[in-house]
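Per-entry structural report
Spelled out, the chains give:
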Amino acid sequence: MKIIKIVGAGLAGAEAAWQAAAAGCQVQLYEMRPKRRSPAHHTDYFAELVCSNSLRAAGLTNAVGLLKEEMRRQDSLIMACADACRVPAGGALAVDREGFGRMVTERVLANPAITVHYDEVQSLEPLLADGSLVIVAAGPLLEGALANDLRLRLGEEYLHFHDAVAPIIDGATIDMEKVYWASRYDKGESRDYLNCPMDRPQYEHFYQELLAAERAPLHDFEQEKDFDGCMPIESMARRGVDTIRFGPLKPVGLPNPHDGGREPYAVVQLRQDNAAATMFNLVGFQTRLTWGEQKRVFRLIPGLERAEFLRFGVMHRNSFINAPRLLKPELCLKEDERIYFAGQLTGVEGYVESAACGLAVGRNAARAANGEPPLIWSRQTALGGLLGWLQTPNANFQPMNVTFGLIEPLGYKVRGKQNKNLQIAQRALKCLAEMTETDSMTDNKN
Ligand SMILES: Cc1cc2nc3c(=O)[nH]c(=O)nc-3n(C[C@H](O)[C@H](O)[C@H](O)COP(=O)(O)OP(=O)(O)OC[C@H]3O[C@@H](n4cnc5c(N)ncnc54)[C@H](O)[C@@H]3O)c2cc1C
């Protein structure tokens, strides 16, 4: 039996290791932390959530909710740990960040089929030398020797863009007289989000200061290129005075009990970041303002006048490869089938998508090691749709979150979006059940 070596114990690498081990393979997992950390990683836990603690929507009428359910049904380690570490977040699945990382780490370390090496991989060649298969799951912040190795191997098909992290504040420093608990349209538990209401003058003042605030300079290797899914709040604000009021500061469905139940002009939402409710992140406030300016401008938000920042928002390079040009459907290189890619580096975007990609690649590398043909997930499933994106020729290939648009349409008309999404989800889960039974997932011909 061939050994499977995995570079990176992030969301994709940890899940891939778990899946390959479950398929009977011996796995060697290489993780560079604690010897070296990316600028966004703050702990030594595997599968660290580097920004938000939310794994996004929970329900089946949302594509990422469906993807999570598909993962649960395929024995995903990441989903098992996320469900066990859940904290209140209305219609979303948010987790206790530290508890989640700790649980993933403990479960991987306790798996007898997985050996962990705390080393930075500098080049793939030594890993391949004994005939092993290699999964590169080094994440979007990959840099240094391995990044150069991949650049040489893949040429100009190696790309990058930017991502930004939202700040986290100390819950004890929020002025509870000014803020109020509520989730939009009262969905789920009412103590899900703390809301900081703004009237019009407060909003306009905040908006002007946000526009004027100083931004951290870009490094030489970085270009000004934002990705819509994780756009800095100050970049979004530049699009127009009301853009953020229709985005992260949307007041709709959040009546203020301190103001006779009237909807404020704008609302900043704070989401609980740990089970003890001592840390809160500013929802949608990814930013690359300088730390001093974050303190000054975000303290203009009502209720945050004396907020202590436990972590400031930061901005980073975000790397991905040109998957449609480089990868086969099972996500190994067309030019070298010993090398697989998993996670955000392939061009999927998001925690859940990265882990889902790791699940698929872990299983397929194990099948290759066992001499079996690859599994190809139907495009009627969310996972099949997402992986299909990595195969769709695209002159301007960009990372992608899972959406219903990636999943094969129903082929008949259904009234109402929610109803249509639910039918797609039900079909996906049925399709997955059939696949799991027959293990012959071969209808990905689009
Ligand atoms: C700054 C930032 C913020 C983000 N915020 C969000 C968010 O809020 N929500 C969301 O859904 N998605 C977010 N993403 C996108 C994405 O979901 C995460 O980056 C996710 O962690 C990707 O999972 P991954 O497994 O591909 O990589 P990672 O989770 O980053 O894992 C890669 C692992 O590989 C290790 N590694 C790297 N190089 C080597 C090497 N040479 N040798 C050994 N080990 C190595 C790293 O230490 C790390 O543990 C964000 C991305 C970035 C960059």
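Residues numbered from 1 in each chain as written. Predicted model: local features only at pLDDT ≥ 70, side-chain atom pairs only at ≥ 80, totals over all residues.

1. Observations concerning the overall build of the chain
Helix and strand counts for the chain come out as 13 helices and 16 strands. Rg of the C-alpha trace for the chain: 22 Å, near the compact-globule value of 22 Å for 446 residues, within the 12% margin. Viewed in the frame of its principal axes, the chain has a C-alpha envelope of about 65 × 50 × 45 Å. Per-residue burial for the chain yields a buried fraction of 51% across its 446 residues. At a minimum sequence separation of 6, the contacts of the chain that also span at least 24 residues come to 72%. (Helix = DSSP H or I, 4+ residues; strand = E, 2+ residues; numbered from the N terminus. Rg over C-alpha atoms; globule rule 2.2 N^0.38 Å. Buried ≥ 20, exposed ≤ 12 C-beta atoms within 10 Å, placed from the backbone. Contact = placed C-beta atoms within 7 Å.)

2. Describing the sheet that holds strand β12 (residues 266–272)
One open sheet accounts for 6 strands, arranged β10-β11-β12-β13-β9-β14; its pairing is antiparallel. If you trace the sheet from one side to the other, it starts and ends with β10 (180–181) and β14 (309–311), each paired once. Pairing analysis gives 6 bridges linking strand β11 (residues 193–198) to β12, with the strands arranged antiparallel. Paired with M198 across the strands is A266, a residue of β12. (Pairing = 2+ DSSP bridges.)

3. Topic: helix α4 (residues 97–109)
Over its 13 residues, α4 extends 19 Å from the first C-alpha to the last, a length consistent with the 18 Å expected when each residue adds 1.5 Å. Considering only its buried residues, α4 is in contact with α1 (11–22), α3 (77–84), β5 (92–95) and β6 (114–117). (Expected span 1.5 Å × (residues − 1).)

4. A look at the nonpolar core
A14, A17, L67, V104, I135 and Y340 are the most contacted members of the largest nonpolar core, which has 144 residues in total. The greatest single-element share of this core, amounting to 12 residues, is contributed by helix α11 (residues 351–369). Look past the residues within four positions of Y340 in its chain and what remains in contact with it is L133, V134, I135, V136, L331, C332, V361 and A365. (Core = buried A, V, L, I, M, F, W, Y, C linked by C-beta atoms within 7 Å.)

5. Remarks on the site of the ligand
Every one of the 37 residues lining the ligand counts as a neighbour, but G8, G10, C51, G139 and G343 are closest to it. Counting residues per element, the ones that place at least two in the shell around the ligand are α1, β15 (315–321) and α11. Of the residues forming the shell around the ligand, the biggest block, 3 residues, is contributed by α1. Class assignment for the residues of the shell around the ligand results in 20 nonpolar, 13 polar and 4 charged. (Near = placed C-beta within 6 Å. Nonpolar A, V, L, I, M, F, W, Y, C, P; charged D, E, K, R; others polar.)

6. Side note on the confidence of the model for the chain
This prediction gives the chain a mean pLDDT of 91; 93% of its residues lie at or above 70. This model gives residues 220–225 a pLDDT under 50, and the stretch forms 6 contacts once residues within four places in sequence are excluded. Within the model, pLDDT remains below 50 along residues 440–446, and this stretch shows 16 contacts once partners closer than five positions in the same chain are excluded. (pLDDT = per-residue confidence, 0-100.)

7. A look at the environment of Q122
For Q122, the position within the fold is in the loop between β6 and α5 (125–128). Along the sequence, Q122 and L150 sit 28 residues apart, while their C-alpha atoms lie 9.9 Å from each other. With sequence-adjacent residues up to four places away left out, Q122 is seen in contact with A145, L146 and D149.

8. Here we look at helix α9 (residues 291–298)
Taken together, the buried positions of α9 are E293, Q294, V297 and F298. Buried positions in α9, seen along its axis, are confined to an arc of 110° and lie on one side of it. Packed against the buried residues of α9 are α7 (200–212), β13 (279–282) and β14. (Arc of directions from axis to C-beta.)

9. Focus on the packing of helix α2 (residues 63–72) against helix α13 (residues 417–438)
Where α2 contacts α13, the axes come no closer than 11 Å and their chain directions differ by 20°. As far as their axial angle goes, α13 and α2 are roughly parallel. Our pair here, α2 against α13, has a crossing hand that is right-handed. Each of L66, E69 and E70 in α2 lies in contact with α13, whose residues at this interface are A425, A428, L429 and L432. In terms of residue class, the contact of α2 with α13 is built from 5 nonpolar, no polar and 2 charged. (Axes fitted to C-alpha atoms, helices over the stretch in contact; angles between N-to-C directions. Parallel < 35°, antiparallel > 145°, perpendicular 65-115°, else oblique. Left-handed = near helix turned anticlockwise from the far one by under 90°.)

10. A short note on the sheet that holds β5
Reading across the sheet, the 3 strands line up as β3-β5-β4 and stay open at both edges, with antiparallel pairing between neighbours. Two strands bound the open sheet, and with one partner strand each, they are β3 (54–57) and β4 (86–87). The pairing of β4 with β5 spans 2 bridges and is classified as antiparallel. Directly across from R86, in β5, lies its bridge partner V95.

11. A closer look at the pairing of strand β7 (residues 133–136)
The alternating pattern of β7 places L133 and I135 on one face and V134 and V136 on the opposite face, and all of these are buried. Bridging between strand β1 (residues 3–7) and β7 involves 4 bridges; their strand directions are parallel. Considered in β7, the bridge of K5 is made with V134. Sheet analysis places β7 next to strand β16 (residues 339–341), joined by 3 bridges and oriented parallel. In the sheet register, I135 faces β16, and the bridge partner there is Y340.

12. Section: unusual backbone geometry
P34 follows R33 through a cis peptide bond whose omega is 5°. Located in the positive-phi region is A47, a residue other than glycine, with phi close to 55°. If you check the backbone angles, D75 has positive phi at about 55° while not being a glycine. Counting through the fold element by element, D75 comes out in the loop between α2 and α3. With 12 C-beta atoms counted inside 10 Å, the residue D75 sits in the exposed group.

13. Digging into the pairing of β5
Here β5 shows a buried face lined by A92 and A94 and a second buried face lined by L93 and V95. Relative to β5, β3 runs antiparallel, the two being bridged by 2 bridges. Residue A57 lies in a different strand from β5, and its bridge partner there is A92. In this structure, the hairpin formed by β4 and β5 is closed by a connection of 4 residues, where G90 is found at a positive phi of approximately 60°.

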